[in-house]
Amino acid sequence: MDRGPVSRWSRAKRPAARPAERSRTRESIGPIGQRTASSRRVGRRTAAPAGRGVCAALAIFFLVSPASAHKLNVFAVVEGKTIRGEAYFRGGGPARGAAVTAVGPRGEKLGETTTGDEGKFSLEVRFRSDHRLVVDAGGGHAGEYRVAADEMPKELPAPDGSPNLADERPAAADSAPGDPAPAESVPARSDATASLEALRVQVVKLREDLDGFRGEARFRDVIGGIGYIVGAMGLVLYVVARRRIRDA
Amino acid sequence: MHIEEAVLTISPAGMAILAGGWGLSAIGVGLGLRRMDYERVPQVAMLSSAFFVASLIHVPLGFTSVHLVLNGLVGLVLGWAAFPAILIALLLQMLLLGFGGLTSLGINTLVMALPAVAVYGLFNRAARAKRDAVAFGSGFAAGALGIVLGAALLAATMFAAGDALERVAQVVLVAHLPVAVIEGFVTAAAVMFLRKVRPEALVAPLAAPAGLELSDG
């Protein structure tokens, strides 16, 4: 594994090495002046393809949209006994026809539906428990959102026993069993629903803004990521170098 | 090409896939580290960085978008060392950019690194051919095949997790065809560039004893 003596030997005994090897050995052990000279020569010789490569890279950068329409965002609220939500890709497009699955705290399936043309979906709540809404748009694109049990009306039964998906009771029958806690007064309800809808629109907007902000913060992340990789490289090289010094 | 963890954590089959992905990736990473010539650590890091950044280059495509992956290029140059390179890049993409997830890191590494190793076996020799046309063609094929094989693995994973077959085929395979073409050109350009500037970069990184690796360049 010890390369040092080998390459020094090759430089001394074989001056007519192949160009690639020569330039590399000089880069590795030659004085600084020589190294810059050789790399400049390499640069000039390959100026045309390098320029073409840079142009291609620039073209790709300008062709593509900066926004990542890749990440799937899910948002949902509970209205009465219905979970209403929507799923949209970061960048704005709705996720049409995506499969929505509600999963309970113990991994049991609580309900299934698909999103409509505008990426909206609604799901009847049958049990008062945490709902994890997983939206799968296919091809590995998915997002999830958690609806807490305390957002749901108290008259719903807790998920005792094993909740069964085949158990398709109509939502209206749900209030009968369990504890018959009186619902809120009926006239106040429509008002509340209207303001809830307005609130929902605002929250969705806020989330979109937040996503936009995250997108902007990305440049720093990229630089940071490359820094981490360089750091990991340094760590590996340090360990290898130590081992070699110890072995020598 | 990143699988979000939400897709697989809701079904037992998905859980099995996640575990299997981790196991197989661990084997691949172990092989890659064992066979990696430590003179090439900087190269591995550079390609890992390229892979990390490439996923941010998005190409809009209808309602969704696809992005460059560069697993063909990474594999063509690194061979088995593509496994550790891709694992690190995916880990950072997860932590910093929110792609994929921690549990699906294993299966994602497998889906992208396995085609990379296949590409190495198929095209590394051809990419070092004397004729430029052959090298360009093999570079293109390497880039395109890296994506196509990756998409096929992704589709197989989604199918095994319970997605309907025609939906998987439509969303995964068709969506990746344009990116396969783009990636073919990018990889071919990179190969031509490497041939001119650093031909030794394309020489087998595995099983090549130090000092002898230039002998068949």
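Predicted, not measured: the structure shown is a model, and the values here were computed from it.

1. Quick look at the overall build of chain A
Argument step 1. For chain A, the helix and strand inventory stands at 6 helices and 7 strands.
Argument step 2. Sequence-ordered secondary structure for chain A, helices as α and strands as β, is α-α-α-α-β-β-β-β-β-β-β-α-α.
Argument step 3. Out of the 248 residues in chain A, the part that is buried amounts to 34%.
Argument step 4. Of the contacts formed within chain A by residues at least 6 apart in sequence, a portion of 53% connects residues at least 24 apart.
Argument step 5. When the accessible surface of chain A is split by element, carbon and sulfur atoms take 59% of a total near 15100 Å².

2. Focus: the overall build of chain B
Argument step 1. If you tally the helices and strands in chain B, you get 8 helices and 2 strands.
Argument step 2. Along chain B, helices and strands appear, N-terminal first, in the series α-α-α-β-β-α-α-α-α-α.
Argument step 3. The 217 residues of chain B split such that 58% are buried.
Argument step 4. Residue pairs in contact within chain B that sit at least 24 positions apart in sequence constitute 75% of those at least 6 positions apart.

3. Points about unusual backbone geometry
Residues and elements named next belong to chain B.
Argument step 1. Despite not being glycine, Leu70 has its phi angle at roughly 65°, a positive value.
Argument step 2. Within the secondary structure, Leu70 sits in the loop between β2 (64–67) and α4 (71–78).
Argument step 3. Look at Leu70 and you get buried, because its relative accessible area is 9%.

4. Here we look at the sheet that holds strand β4 (residues 109–114) of chain A
All names here are of chain A.
Argument step 1. The strand order across the open sheet formed by 4 strands is β4-β3-β6-β7, and the pairing between neighbours is antiparallel. Two strands close off the open sheet at either side, each with one partner strand: β4 and β7 (142–147). Adjacent strand axes in the sheet meet at a mean angle of 15°, parallel and antiparallel pairs treated alike.
Argument step 2. Of the strand pairs in this sheet, strand β3 (residues 99–103) and β4 are connected by 5 bridges, and their pairing is antiparallel. If you follow Ala102 over to β4, its bridge partner there is Gly111.

5. So, the pattern of salt bridges
Residues and elements named next belong to chain A.
Argument step 1. Evaluation of the coordinates by the stated rule reveals 7 salt bridges over all chains.
Argument step 2. Taking the shortest distance from any N to any O, the salt bridge between Arg106 and Glu108 comes out at 3.9 Å.
Argument step 3. For Lys120, the salt bridge is made with Glu118, and the minimal N-O distance between the two is 4.0 Å.
Argument step 4. Taking the relative accessible area as the measure of exposure, Glu118 reaches 55% and is therefore exposed.

6. Structural notes on the environment of Met112(B)
All names here are of chain B.
Argument step 1. For Met112, the position within the fold is in helix α6 (residues 105–127).
Argument step 2. For the pair Met112 and Leu149, spaced 37 residues apart in sequence, the C-alpha to C-alpha distance is 8.5 Å.
Argument step 3. Apart from the residues within four sequence positions on either side, Met112 is in contact with Met1, His2, Phe51, Val69, Asn71, Ile86 and Leu90.

7. Comments concerning the packing of α4(B) against helix α7 (residues 132–160) of chain B
Residues and elements named next belong to chain B.
Argument step 1. Axis separation between α4 and α7 bottoms out at 7 Å; the angle between their running directions is 120°. Comparing their axes, α7 and α4 come out oblique. α7 is crossed by α4, and the crossing has right-handed handedness. Across the interface between the two elements, Asn71, Gly72 and Leu76 of α4 pack against Ala142, Gly143, Gly146 and Ile147 of α7.

8. What about the confidence of the model for chain B?
All names here are of chain B.
Argument step 1. For chain B, the mean per-residue pLDDT works out to 84, and 90% of the residues sit at or above 70.
Argument step 2. Per-element averaging of pLDDT across chain B places strand β1 (residues 58–61) at the bottom with 66 and α6 at the top with 93.
Argument step 3. The ipTM value of the predicted complex is 0.78, and its pTM value is 0.62.

9. A few points about the packing of aromatic side chains
Argument step 1. A complete count under the given rule lists 3 aromatic pairs over all chains for this structure.
Argument step 2. Seen from their ring centres, Phe75(A) and Tyr145(A) are 5.6 Å apart, and the 70° between their planes marks the pair as edge-to-face. Taken together, the positions of Phe75(A) in strand β1 (residues 72–79) and Tyr145(A) in strand β7 put the pair 70 residues apart, joining distant regions of the chain.
Argument step 3. A relative accessible area of 4% means that Phe75(A) is categorised as buried.
Argument step 4. Classification of Tyr145(A) as partly exposed rests on a relative accessible area of 21%.
Argument step 5. Between Phe140(B) and Phe185(B), the ring centres sit 5.0 Å apart and the planes meet at 70°, which makes this aromatic pair edge-to-face. Placement of Phe140(B) in helix α7 and of Phe185(B) in helix α8 (residues 165–197) is noted, with a sequence separation of 45 residues between them.
Argument step 6. Assessed through its relative accessible area of 26%, Phe140(B) is described here as partly exposed.

10. What to know about the side chain of Thr115(A)
All names here are of chain A.
Argument step 1. Considering the arrangement of structural elements, one finds Thr115 in the loop between β4 and β5 (120–124).
Argument step 2. A polar side-chain atom of Thr115 sits 2.7 Å from the main-chain carbonyl oxygen of Ala95.
Argument step 3. When neighbours within four sequence positions are excluded, Thr115 is seen to be in contact with Ala87, Ala95, Arg96, Gly97, Ala98, Val100, Lys120 and Phe121.

11. Some points on the environment of Met46(B)
All names here are of chain B.
Argument step 1. Secondary-structure assignment places Met46 in helix α3 (residues 41–54).
Argument step 2. The exposure class assigned to Met46 is exposed, which follows from its relative accessible area of 57%.
Argument step 3. The spatial distance from the C-alpha of Met46 to the C-alpha of Val74 is 9.6 Å, given a sequence separation of 28 residues.

12. What to know about the sheet that holds β5(A)
Sheet strands line up and pair through hydrogen bonds in the backbone, either parallel or antiparallel.
Residues and elements named next belong to chain A.
Argument step 1. The antiparallel open sheet is built from 3 strands, whose spatial order is β1-β2-β5. Each edge of the sheet is formed by a strand with only one pairing partner; in this case those strands are β1 and β5. With direction set aside, neighbouring strand axes in the sheet form an average angle of 20°.
Argument step 2. Direction of pairing for β1 relative to strand β2 (residues 82–89): antiparallel, over a ladder of 8 bridges.

What counts and what doesn't
- Residues numbered from 1 in each chain as written.
- Chains lettered and ligands numbered in written order.
- Predicted model: local features only at pLDDT ≥ 70, side-chain atom pairs only at ≥ 80, totals over all residues.
- Heavy atoms only, no water.
- Helix = DSSP H or I, 4+ residues; strand = E, 2+ residues; numbered from the N terminus.
- Buried < 20%, exposed > 50% of the residue type's maximum accessible area, 1.4 Å probe, protein only.
- Contact = heavy atoms within 4.5 Å.
- Areas by Shrake-Rupley, 256 points an atom, 1.4 Å probe, with all protein chains shown as cover.
- Pairing = 2+ DSSP bridges.
- Axes fitted to C-alpha atoms, helices over the stretch in contact; angles between N-to-C directions.
- Salt bridge = Lys/Arg side-chain N within 4 Å of Asp/Glu carboxyl O.
- Parallel < 35°, antiparallel > 145°, perpendicular 65-115°, else oblique.
- Left-handed = near helix turned anticlockwise from the far one by under 90°.
- pLDDT = per-residue confidence, 0-100.
- Phe/Tyr/Trp six-rings, centres within 6.5 Å; stacked < 30°, edge-to-face > 60°.
- Polar contact = N/O pair within 3.5 Å; in protein donor to acceptor, adjacent residues only side chain to side chain.

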